[in-house]
Amino acid sequence: MKIDFCKSAMFLTAALAAAALSACVQTSEEKSFSETAQTLKDAVSNGGRADTKPLPNVLVCNQAISGLQILDTSKDWSDKSAIIWQWTPENAKGLDKKYASTFRFISDCKPVMGCSRILTVASHGAVALVRVDNGEVEFFGDAGGNVHSAELLPDGNIVSASSHGNYITLFNRSEYVAVKPCTAQKRYPLNFAHGVVWDNSRRILWALGRFELAGYEYNFDKLNPELTKKFSYKLPPECVVGHDLYPVAGSDSLLFVSGDAGLAVFDVEKRAFEKISDIARIKSVSLSKAGGALIFMVPETRWWAQSVSFGGKTDKKIGRLPDAKIYKARFFVPSTF
């Protein structure tokens, strides 16, 4: 099946931008942070608002294939036609196949640049920016240290988070040579680094560690990039051993933060946390839109699963992909953060 992703992404971006603007205005004028958090808490307890229709497609990182897949939420995932896009590192354009092994245990995937690209990482070191229309790798780096997340900065440079090495890595893409791993990189210490998200409104890079949510200023020097740690906020008990850090769709000020014992939302304006779930070991969380469906990836075997669940109802699946080892799942929608 041939999908015009560029056209679909443009349409989806415009529609979501309008919806997001409406939602953000309502949140800022009519809802307090605690009210918004309560709305998300209700979504968890009410089955993740699984009756929301239609649902966007879902992007997953599948460790069984060391690759990425986009799944049609209107179909049964056991039907192969539900896989509308797939990418694996072997023979990928723009990547020497000798580096395919660095994509073992693929550990994050997020749509960027209006859903025209996917930023992905893997525990064996890979950090890559992949075009959706043709699968070409536009950037590849080896960060090492069990990479768990990455983020694209406004000037095109890339930051990744490595948990075993306890650091975040800043890649200088101006020195990147196609096909070869980017060697222009700087490391900054962060205990058990697991998540990074760029805050476009406040121009801060938020990074999730074992005990803290840290904020870094970026110098916006594309050729000589630097990060400076400016903030550190102690994680609430449910978020300790921080795992997933991801924007709340439809908001420009809220982040999901998951940890070993639950899930919270963080307001970057108020610099405050609110607990919304005590479900343990949530590997990823994603909201389809403001007021939309909420999905979790909770391990079924060791650290992976074949299915993705709505909210707190682990028996209520958005889909189950046979023989998969899904580590994270994201609605394939543009970020409003």
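Each value, and the rule that gives it
Residues numbered from 1 in each chain as written. Predicted model: local features only at pLDDT ≥ 70, side-chain atom pairs only at ≥ 80, totals over all residues. Heavy atoms only, no water. Helix = DSSP H or I, 4+ residues; strand = E, 2+ residues; numbered from the N terminus. Rg over C-alpha atoms; globule rule 2.2 N^0.38 Å. Buried < 20%, exposed > 50% of the residue type's maximum accessible area, 1.4 Å probe, protein only. Contact = heavy atoms within 4.5 Å. Areas by Shrake-Rupley, 256 points an atom, 1.4 Å probe, with all protein chains shown as cover. Lys, Arg positive; Asp, Glu negative; His and termini not counted. Charge placed at Lys NZ, Arg CZ, Asp CG, Glu CD. Pairing = 2+ DSSP bridges. Axes fitted to C-alpha atoms, helices over the stretch in contact; angles between N-to-C directions. pLDDT = per-residue confidence, 0-100. Core = buried A, V, L, I, M, F, W, Y, C linked by side-chain atoms within 4.5 Å. Salt bridge = Lys/Arg side-chain N within 4 Å of Asp/Glu carboxyl O. Expected span 1.5 Å × (residues − 1). Arc of directions from axis to C-beta.

Helix and strand counts for the protein chain stand at two helices and 24 strands. Against the 2.2 N^0.38 benchmark of 20 Å for 337 residues, the protein chain shows a C-alpha radius of gyration of 18 Å, consistent with a compact globule. By the burial criterion, 58% of the 337 residues in the protein chain qualify as buried. By sequence separation, contacts in the protein chain at least 24 residues apart represent 50% of the contacts at least 6 residues apart. Approximately 13700 Å² of the protein chain is accessible, and the part contributed by carbon and sulfur atoms is 50%. Side chains of the protein chain give 40 positive and 35 negative charges; the mean places of these two sets differ by 4 Å.

A separate point is the sheet that holds strand β15 (residues 227-234). Spatial ordering of the open sheet is given by β12-β13-β14-β15, a layout of four strands whose pairing is antiparallel. Looking at the sheet topology across the chains shown, the edges are occupied by β12 (195-199) and β15. In this sheet, neighbouring strand axes are inclined to one another by 25° on average, regardless of whether the strands run parallel or antiparallel. Of the pairings in the sheet, the one linking β12 to strand β13 (residues 204-208) comprises five bridges and is antiparallel in character. Paired with tryptophan 198 across the two strands is leucine 205, which belongs to β13.

Turning our eyes to something else, we now look at the confidence of the model for the protein chain. Residues with a pLDDT of 70 or more make up 90% of the protein chain, whose mean pLDDT is 91. Scored below 50 in pLDDT, residues 1-30 makes 31 contacts in the model with residues more than four places away or belonging to other chains.

Within the fold, valine 333 resides in the segment after β24 (326-331). The class of valine 333 is buried, set by a relative accessible area of 8%. It is 10 Å that separates the C-alpha atoms of valine 333 and leucine 55, two residues lying 278 residues apart in sequence.

With that settled, consider the nonpolar core. Membership of the largest hydrophobic core comes to 39 residues, with the highest contact counts inside it found for Leu68, Ile118 and Val127. Residue assignment for this core shows that the elements contributing at least two residues are β1 (58-62), β2 (67-71), β3 (83-87), β4 (106-112), β5 (117-122), β6 (126-131), β7 (137-142) and β8 (147-152). If you tally residues by element for this core, the top one is β6, at five residues. With near-sequence residues (within four places) excluded, isoleucine 118 lies in contact with Leu59, Leu68, Ile70, Trp85, Cys109, Lys110, Val112, Ala128, Leu129, Val130, Val132 and Phe332. Trp77, Ile295, Phe310 and Ala329 belong to the second largest nonpolar core, which has 20 residues in total.

This brings us to unusual backbone geometry. In the segment running from lysine 53 into proline 54, the intervening peptide bond is cis, with an omega of -15°. Looking at where proline 54 falls in the secondary structure, it is placed in the loop between α2 (33-45) and β1. Unlike most non-glycine residues, arginine 49 shows phi in positive territory, near 50°. Mapped onto the elements of the fold, arginine 49 is located in the loop between α2 and β1. In this structure arginine 49 comes out as buried when scored by relative accessible area, which is 18%. Residues other than glycine seldom take positive phi values, yet cysteine 115 does so here, at roughly 70°.

Let us now look at the sheet that holds strand β19 (residues 272-277). Strands sit in the order β16-β17-β18-β19 across an open sheet of four strands; the sheet is antiparallel. Lying at the two open borders of the sheet, with one neighbouring strand each, are β16 (245-247) and β19. Sheet twist, expressed as the average angle between the axes of neighbouring strands with direction ignored, equals 30°. Two strands pair when backbone bridges link them, and strand β17 (residues 254-259) and strand β18 (residues 262-267) are joined in this way by six bridges, in the antiparallel orientation.

Turning to the pattern of salt bridges, a few remarks are in order. Scanning the model with the defined rule gives 12 salt bridges in all. One salt bridge connects arginine 131 with glutamate 138, and the closest N-O pair in it is separated by 3.2 Å. Residue glutamate 300 is joined to lysine 317 by a salt bridge in which the shortest nitrogen-to-oxygen separation is 3.6 Å. With glutamate 300 in the loop between β21 (294-297) and β22 (307-310) and lysine 317 in strand β23 (residues 313-320), the pair connects residues that are 17 residues apart, well separated along the chain. Ionic contacts of the salt-bridge type, sharing partners, join the residues Asp108, Asp244, Lys328 and Arg330 into one network.

On to α2. Between its first and last C-alpha, α2 extends 18 Å over 13 residues, near the 18 Å set by a 1.5 Å rise per residue. Residues Phe33, Thr36, Ala37, Leu40, Ala43 and Val44 constitute the buried set of α2. All buried residues of α2 project into a common sector of 110° when viewed along the axis, lining one side. Taken from the residues just after α2, glycine 47 is the one with a positive phi, measuring 75°.

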